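Spelled out from the first residue to the last, the chains are:
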Amino acid sequence: MSELLRIDFTYADAARSASLAAAAEAARDTLVGRKGPGADFLGWLDLPAQNTAAQLNVIEAAARQIRSAEALVVVGIGGSYLGARAVIETLSPPFAAGFPIYYAGHQMDARYHAALLEHLAGKRYAVNVISKSGTTTEPGVAFRLLWKELSARYDAAALKQLVYATTDAKKGSLRSLANRAGLETFVIPDDVGGRFSVFSPVGLLPIAAAGVDIRALVEGAQQMAAYLEGPGKTFDKNPALQYAAFRNAQYRNGKKIEILASYQAGLAYFHEWWKQLYGESEGKNGKGIFPASVSLSTDLHSMGQWMQDGERIIFETVLDVENVPGPTLFSQDNDDDGLNYLAGKTLNAVNRTALEATLAAHRDGGVEAARILIPDLSPTSLGALIYMFEYACGVSAYMLGVNPFDQPGVEAYKNNMFKMLGKVGH
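Residues numbered from 1 in each chain as written. Predicted model: local features only at pLDDT ≥ 70, side-chain atom pairs only at ≥ 80, totals over all residues. Heavy atoms only, no water.

**Some details on the pairing of strand 10 (residues 369–374)**
For clarity, the cut-off: Under the scheme applied here, a residue whose accessible area is under 20% of the maximum for its type counts as buried, over 50% as exposed, and between as partly exposed, the area being computed with a 1.4 Å probe on protein chains only. Each helix is a run of DSSP H or I of at least 4 residues and each strand a run of E of at least 2, with the numbering of both proceeding from the N terminus. Should DSSP find at least two bridges between two strands, the strands are regarded as paired.
With six of its six residues buried, strand 10 lies for the most part within the structure. With burial as the criterion, each face of strand 10 is covered, one bearing Ala 369, Arg 371 and Leu 373 and the other bearing Ala 370, Ile 372 and Ile 374. Bridge analysis of strand 1 (residues 6–8) against strand 10 gives three bridges, and the strand direction is antiparallel. Counterpart to Arg 6 in the pairing with strand 10 is Leu 373. Note: strand 9 (residues 314–321) against strand 10, six bridges, orientation parallel. The residue of strand 10 that forms the bridge with Val 321 is Ile 374.

Spelled out as structure tokens, the structure:
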């Protein structure tokens, strides 16, 4: 299996998953053969390979210009910001005084946006607005507020150095504004949906602005893509096929909720991206696994009781980071806390022991789990993990019998909201 990622089924019925090997391989053939529903949104399969050095140079140059400001506000919702935020928050060291990245347009909380505008007042900040149409309500409202604030303080030449639009190549209100104002723009590919857009400028520009090595991130995705279609093409070596089969085997066995668990605090927004990826891709036609997440061992003191002894409708996927730098525990004369038995162990070793102990307890309690092992929290490892999850998502959804790349249910709340707010035509 790929050196960048391994999947372990010690705590699951591997035979049940393996029984779906042929179905997983057939779904993979549908995916890569571009023969299934939604095939016109499969451009993400090729994104890692399409990121040439010249294209990355352009993104990195814009990122350097952004970093000459005091901060960046990323304006987007769903996949238009979650992938970038997941990478940035995972790879940014806790408590580090890095380049400030703020987010807007991912909700319409008036208190949040008022506080953001107050915080930015007087600062020379940059904005990366991400929207294919420019008319999505949440980012549209946020960008309108920010554009007005910046336009009141800067002339047209200065705005070109501060505002960057990632949007459609030719059409839409945001494209029109960018053209009128002469803003630097980046293109959202027509054949890539937001939740699969991490390796496009949608994700790479804010990630680069945060100071993350996007070349290493893309390299990890390229290595994973080459592995899945090369040495790891067969089911017995392919983590994406095995993961898709595991999920579908659990679902067919009556398990309706998948819980993604990790033992690293920095992965919290990675959980959010994963939940959107699988929830929006599979929850259709009365079908689909409900994606949930927990941060452990924190949530073992809250959700742990339910996971151990609650209704048996769940299964787990656990992210296990093998190498994490940190302190080594020590012995002290006063052992009132009873922790001297941990002397000589690294904190990461103790954390991973908690992971294994929990997996064993949950398995004994009737909750099966797949463990995904990644060597470290580096851009290369994260790039490989993201691409594997994307690939497995397409396979899993085709196994389920749904189109992974549309989201008809999302439109329902929008239509109701437009009508209630009095939008013309609704």
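**Here's the deal with the layout of surface pockets**
Inclusion rule: Using a 1 Å grid laid over the protein atoms alone, points where a 1.4 Å probe fits but cannot get out form a cavity; open sets with protein on both sides within 12 Å along at least 5 of 7 lines form a pocket; any residue with an atom within 4 Å of a point counts as lining. Grid points are joined across faces, edges and corners, and a volume is the space filled by probe spheres set on the points.
Its boundaries defined by the atoms lining it, the largest pocket holds a volume of some 850 Å³. Around the largest pocket, the lining comprises 33 residues; the ones closest to its centre are Ser 80, Thr 136, Glu 280, Gln 407 and Lys 414. Looking at the lining of the largest pocket, the elements that each hand over two or more residues are helix 7 (137–151), helix 13 (268–282) and helix 17 (410–421). Among the elements that make up the lining of the largest pocket, the one with the highest residue count is helix 17 (six residues).

**Structural notes on helix 9 (residues 173–181)**
Inclusion rule: The arc in question is the one traced by the directions running from the helix axis out to the C-beta atoms. The criterion used for residue contact is that any of the two residues' heavy atoms lie within 4.5 Å.
Residues of helix 9 that are buried: Leu 174, Arg 175, Leu 177 and Ala 178. Summarising the axial view, the buried residues of helix 9 lie within an arc of 165 degrees, below the 170-degree limit, and thus occupy one face. Exposed residues on helix 9 whose side chains face more than 90 degrees from its buried face are Asn 179 and Arg 180. Looking at the packing, one finds that the buried side of helix 9 touches strand 4 (125–130), helix 7, strand 5 (163–167) and strand 6 (184–187). Gly 182, located one to two residues past helix 9, shows a positive phi value of around 70 degrees.

**Focus: empty space enclosed by the protein**
Just so we agree on the cut-off: Three classes are used: nonpolar for Ala, Val, Leu, Ile, Met, Phe, Trp, Tyr, Cys and Pro, charged for Asp, Glu, Lys and Arg, and polar for all others, with Gly counted as polar.
Considering all chains together, one arrives at one cavity of 30 Å³ or more under this definition. Put simply, the largest cavity is a space of about 40 Å³. When residues of the lining of the largest cavity are traced back to their parent elements, those giving at least two are strand 9 and helix 15 (347–364). Tallying contributions element by element places helix 15 first for the lining of the largest cavity, with four residues. Of the residues that constitute the lining of the largest cavity, the class distribution is four nonpolar, three polar and two charged.

**Focus on the nonpolar core**
Generally speaking, nonpolar side chains in soluble globular proteins are found buried as a group. Condition: By convention a nonpolar core is built from buried Ala, Val, Leu, Ile, Met, Phe, Trp, Tyr and Cys residues, the set being connected through side-chain atoms within 4.5 Å.
Ranked by internal contacts, the top residues of the largest apolar core, which has 119 residues, are Trp 44, Phe 270, Trp 273, Leu 385, Tyr 387 and Phe 389. The greatest single-element share of this core, amounting to 15 residues, is contributed by helix 16 (residues 379–400). In this structure, Phe 270 is in contact with Ala 86, Thr 90, Leu 319, Leu 382, Leu 385, Ile 386 and Phe 389, ignoring residues within four places of it in sequence. One finds Tyr 11, Ala 292, Met 307 and Val 367 within the second-largest nonpolar core, a separate group that totals 14 residues.

**Concerning unusual backbone geometry**
Along the chain, Leu 296 connects to Ser 297 via a cis peptide bond; the corresponding omega equals 10 degrees. As for its position among the elements, Ser 297 is in the loop between strand 8 (290–295) and helix 14 (304–309). Here the phi dihedral of Arg 34 falls at roughly 55 degrees; this positive angle occurs in a residue that is not glycine. Relative to the elements of secondary structure, Arg 34 occurs in the loop between helix 2 (21–32) and helix 3 (47–50). Residue class for Arg 34 comes out partly exposed when judged on its relative accessible area of 35%. Located in the positive-phi region is Asn 285, a residue other than glycine, with phi close to 55 degrees.

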